[in-house]
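# Summary of the model geometry
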Amino acid sequence: GHVPGATPPQRAMSKSSKRDRNSEGGESSSGKRRVKESAAASSSSTAAAPQAEERPPLSPAAAPAVAAPAAATPAPECPVADEDSHPHLCCSVCLSFPEAEVLQCCAGHIVCGGCYERVCHEEKPSCPSCREALDLFKPIRNMLAERSIAMLPIRCPNDECGRMLTRGGLPTHLADECAYRRVACKYSPLGCKWEGVAGELAAHEDRCKKAEAPGWKLLKRVVEREAAQRSAHAAALTAAREGQRVVEMLSSRCKNVEFTNVVLHRCSAHEHVAGRPAHCVSATFHALGFRWKLYTLSEHTERRFSAVLQLRESRAPLRTDAFILPGHVMPEGVQLRIGTLARTFDSRHKTSEPVLLAEGGAAEQLDALESVTLRVGLIDRRAGRPDPGFLGQLNMGGGGLDGWDEEGVLSDSGGGGGGGSDSDFESDDSGGASGGRGYY
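These numbers come from a predicted model, not from an experiment.

### Brief notes about the overall build of the protein
- Per the secondary structure count, the protein includes seven helices and 18 strands.
- Total accessible area on the protein stands at roughly 28200 Å², and carbon and sulfur atoms take up 53% of it.

### A look at the confidence of the model for the protein
- In this model, the protein carries a mean pLDDT of 76, and residues with pLDDT of at least 70 account for 70%.
- The low-confidence segment residues 45-54, where pLDDT is below 50, has zero contacts with residues more than four positions distant or belonging to other chains.

### Points about the environment of Leu201
- Tracing the backbone shows Leu201 in helix 5 (residues 201-206).
- Separated by 22 residues in sequence, Leu201 and Ala179 have C-alpha atoms that sit 9.7 Å apart.
- Leaving out residues up to four positions away in the same chain, Leu201 has contacts with Val183, Ala184, Cys185 and Trp194.

### Thoughts on the side chain of Lys293
- Of note, Lys293 is situated in strand 13 (residues 290-299).
- Here Lys293 sits buried without a salt bridge, and the closest side chain of opposite charge, Glu271, lies 4.6 Å off (N-O distance).
- In contact with Lys293, other than residues within four places in its own chain, are Val281, Ser282, Ala283, Thr284, Phe285, Val308, Leu309, Gln310 and Arg312.

### Points about the nonpolar core
- Grouped together as the largest cluster of nonpolar side chains are 30 residues, with contacts concentrated most on Phe285, Trp292, Leu294, Leu309, Leu357, Leu374 and Leu378.
- Core analysis: the second largest hydrophobic core is formed by 11 residues, Leu103, Val111, Cys120 and Cys127 among them.

### Digging into the sheet that holds strand 3 (residues 140-141)
- Taken in spatial order, the three strands make up an open sheet running 2-1-3, and their pairing is antiparallel. Unpaired on one side and paired on the other, strand 2 (110-112) and strand 3 mark the two borders of the sheet.
- Across three bridges, the pairing between strand 1 (residues 102-104) and strand 2 is antiparallel. Of the residues in strand 2, the one forming a bridge with Leu103 is Val111.

### Looking at the pattern of salt bridges
- Applying the stated rule across the entire model yields 11 salt bridges.
- For the salt bridge of Arg276 with Glu299, the shortest nitrogen-to-oxygen distance reads 3.0 Å. Of this pair, Arg276 sits in strand 10 (residues 276-277) while Glu299 is found in strand 13, placing the two residues 23 residues apart along the sequence.
- One network of salt bridges, with partners in common, ties together Glu302, Arg304, Arg337 and Glu359.

### Notes on the packing of aromatic side chains
- Taken as a whole and assessed by the stated rule, the structure comprises two aromatic pairs.
- Between the aromatic rings of Phe259 and Phe323, the centroid separation amounts to 5.8 Å while the plane-to-plane angle is 55°, which identifies the pairing as tilted. Of this pair, Phe259 sits in strand 8 (residues 256-266) while Phe323 sits in strand 15 (residues 318-326), and the two are 64 residues apart along the sequence. The same class applies to Phe259 as to Phe323, namely buried.
- Between Trp292 and Phe345, the aromatic rings sit 5.3 Å apart at their centres with planes inclined by 85°, giving edge-to-face as the arrangement. A residue pair is termed long-range when its members are at least 10 positions apart, and Trp292 in strand 13 and Phe345 in strand 16 (residues 339-345) qualify at 53 residues. When sorted by exposure, Trp292 lands in the same class as Phe345, which is buried.

### Description of unusual backbone geometry
- Unlike most non-glycine residues, Leu95 shows phi in positive territory, near 60°.
- Not every positive phi belongs to a glycine, and Arg131 is a case in point at roughly 65°.
- Turning to its location among the elements, Arg131 is positioned in the loop between helix 2 (113-120) and strand 3.
- Note on Arg131: relative accessible area 59%, which makes it exposed.

### Some words on helix 3 (residues 143-150)
- The set of residues buried in helix 3 consists of Ala145, Glu146 and Ile149. End-on, the buried residues of helix 3 take up no more than an arc of 100°, which puts them together on one face. Among the exposed residues of helix 3, those oriented more than 90 degrees off its buried face are Leu144 and Arg147.
- Residues of helix 3 that are buried in the fold lie against strand 1, strand 2 and strand 3.

Conventions we followed
Residues numbered from 1 in each chain as written. Predicted model: local features only at pLDDT ≥ 70, side-chain atom pairs only at ≥ 80, totals over all residues. Heavy atoms only, no water. Helix = DSSP H or I, 4+ residues; strand = E, 2+ residues; numbered from the N terminus. Areas by Shrake-Rupley, 256 points an atom, 1.4 Å probe, with all protein chains shown as cover. pLDDT = per-residue confidence, 0-100. Contact = heavy atoms within 4.5 Å. Buried < 20%, exposed > 50% of the residue type's maximum accessible area, 1.4 Å probe, protein only. Lys, Arg positive; Asp, Glu negative; His and termini not counted. Salt bridge = Lys/Arg side-chain N within 4 Å of Asp/Glu carboxyl O. Core = buried A, V, L, I, M, F, W, Y, C linked by side-chain atoms within 4.5 Å. Pairing = 2+ DSSP bridges. Phe/Tyr/Trp six-rings, centres within 6.5 Å; stacked < 30°, edge-to-face > 60°. Arc of directions from axis to C-beta.

The following block contains the structure:
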């Protein structure tokens, strides 16, 4: 537009300033529009948010079906192997799984070590299943059966543990791994008597009072322990010597050997033997063609328990060795010694000297019993040919034995007694013997 009174340059400047103001006004209006649009968008979004929150949930029928995650199924427990499910791995005699070595006959029938040893002690060792002869010098070991048995599953015998193992790993688990195995405190040599499960051992040893015992008490315990060890060693040595004595008796040349189980019952107070009151007495039993009785003596003051062997008849001197062993029925915890004697019985000497069987607490336990079972072995040392029923000295090779002729008569150079004949010491065999004959 025209500005009155203005010069041309001023009019040009006014026009340019108007254009600048118009451009600034347009930019400001467009910015205001953009601000209004953004505000409107934000208000619409805030209004839509509550509507989304207030939207009612879908009904179960309209909701889409979602598959629930499958529950984890436990792995099936391996059943414990027993003899019924694995009869081909059982011993042919005891019908149970062998614990250690598995032996077999030449036909492959399995026998455990204990049963194999008992079968080999028979007169003619043979397989219990097929009756094939067993080679005593070359036993056949079945390694495949041993490994198969070692892989069988078994449960820990401790009920609190119940862990599934293999039979081969069970000994190691029970010895070192099971938390419920029975253990003793490491201070037990110092007098601690605690015993419990392995899981409680560490807590006990941390508070065990024996660990803080003074030195003089520890020294006293050590001395007492050494004395007990020496006493136990002396008792074991005595038992070993008596056992060696029995082996020597059975290994030497003799006329006959017989064994018998004897049951002794408490006798009346007026019955005496060897000048002492008897504790128990057996019924008369027969062995070596003679009648015998066995007595026991209980010496309360000395805490000793002894046995006396008595010959009930004597028509001629009878040179005899005898040994007395514990019977198959003995009180739990009672340890009897092996008693041995060597005596020549005759009309004037019908009773042997007392043979010590027990001392101390074992003697007191035996004294309180009403009956005792013992096993007696009698060895006939008389000169002459062996008894016809005695198979211990049969010559299986066909030749004469050293010192014996072809007819079984002892020669003068044979050693072991003067060369009398069997008729010099004849005895009545009508009574028989209550025990079977032994072999060596």
